[in-house]
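Structural features, examined
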Amino acid sequence: MLSELFIRNFAIIDELRLRLDPGFNVLTGETGAGKSIILDAVTQVLGGRADTTVIRAGREEAFVEATFRVDAGLQSALQPILEAEGLDEDGAEYVVLAREMRANGRNICRVNGR
């Protein structure tokens, strides 16, 4: 479950830290408030196709980081994969995905900081 989302220099968002509680969460607001941009940021951190147009005007990079809380059932399935790739955090109940999109077209993606 997505528990926290951090966005910097993404579209019209300068910086945003969104903490989500377990259960049902709702994004509401007027047309043009940025709800779709938040969803676009989640898409980017999950591996969606990126281009330089998502970078905030006048900036050189955009950054999105999503922290997911992994329940015990999924953790037991996910842990061997993370260990095999050197991405394990000693059985941590959280997985952090991050993506930096640079104006030169380069992207840097990280899992648990690596």
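Throughout, residues of each chain are indexed from 1 in the direction in which the sequence is written. Confidence filtering applies because this is a predicted model: local features only for residues at pLDDT of at least 70, side-chain atom pairs given and counted only at 80 or more, and all residues used for totals across whole chains, interfaces and linings. The basis for every side-chain value is the complete set of heavy atoms in the structure, and neither hydrogens nor water enter the calculation.

Once their charged atoms are close, side chains differing in charge can pair, the charge on each being opposite to the other. Any carboxyl oxygen of Asp or Glu that lies within 4 Å of a side-chain nitrogen of Lys or Arg is treated as forming a salt bridge with it. Applying the stated criterion to the full structure yields six salt bridges. Where Glu 61 meets Arg 8, a salt bridge forms, and the shortest distance between an N and an O atom there is 3.6 Å. Highlighted residues: Glu 61 in strand β3 (residues 61-69) and Arg 8 in strand β1 (residues 2-10), separated in sequence by 53 residues. Only protein chains enter the accessibility calculation, which uses a 1.4 Å probe; a residue is then buried when its area is under 20% of its type maximum, exposed when over 50%, and partly exposed in between. Its relative accessible area of 18% is what places Glu 61 among the buried residues. The exposure class assigned to Arg 8 is partly exposed, which follows from its relative accessible area of 26%. Helix numbers and strand numbers start at the N terminus; a helix is a DSSP run of H or I with at least 4 residues, a strand a run of E with at least 2.

Another point: the pairing of β3. Counting buried residues in β3 gives seven out of nine residues, a clear majority hidden from the surface. By this definition, two strands are paired if DSSP reports at least two bridges between them. Bridge count for β3 against strand β4 (residues 94-102) is nine bridges, and the pairing is antiparallel. What sits directly across from Thr 67, in β4, is Val 96.

Function cannot be read off these values alone, since they describe shape.
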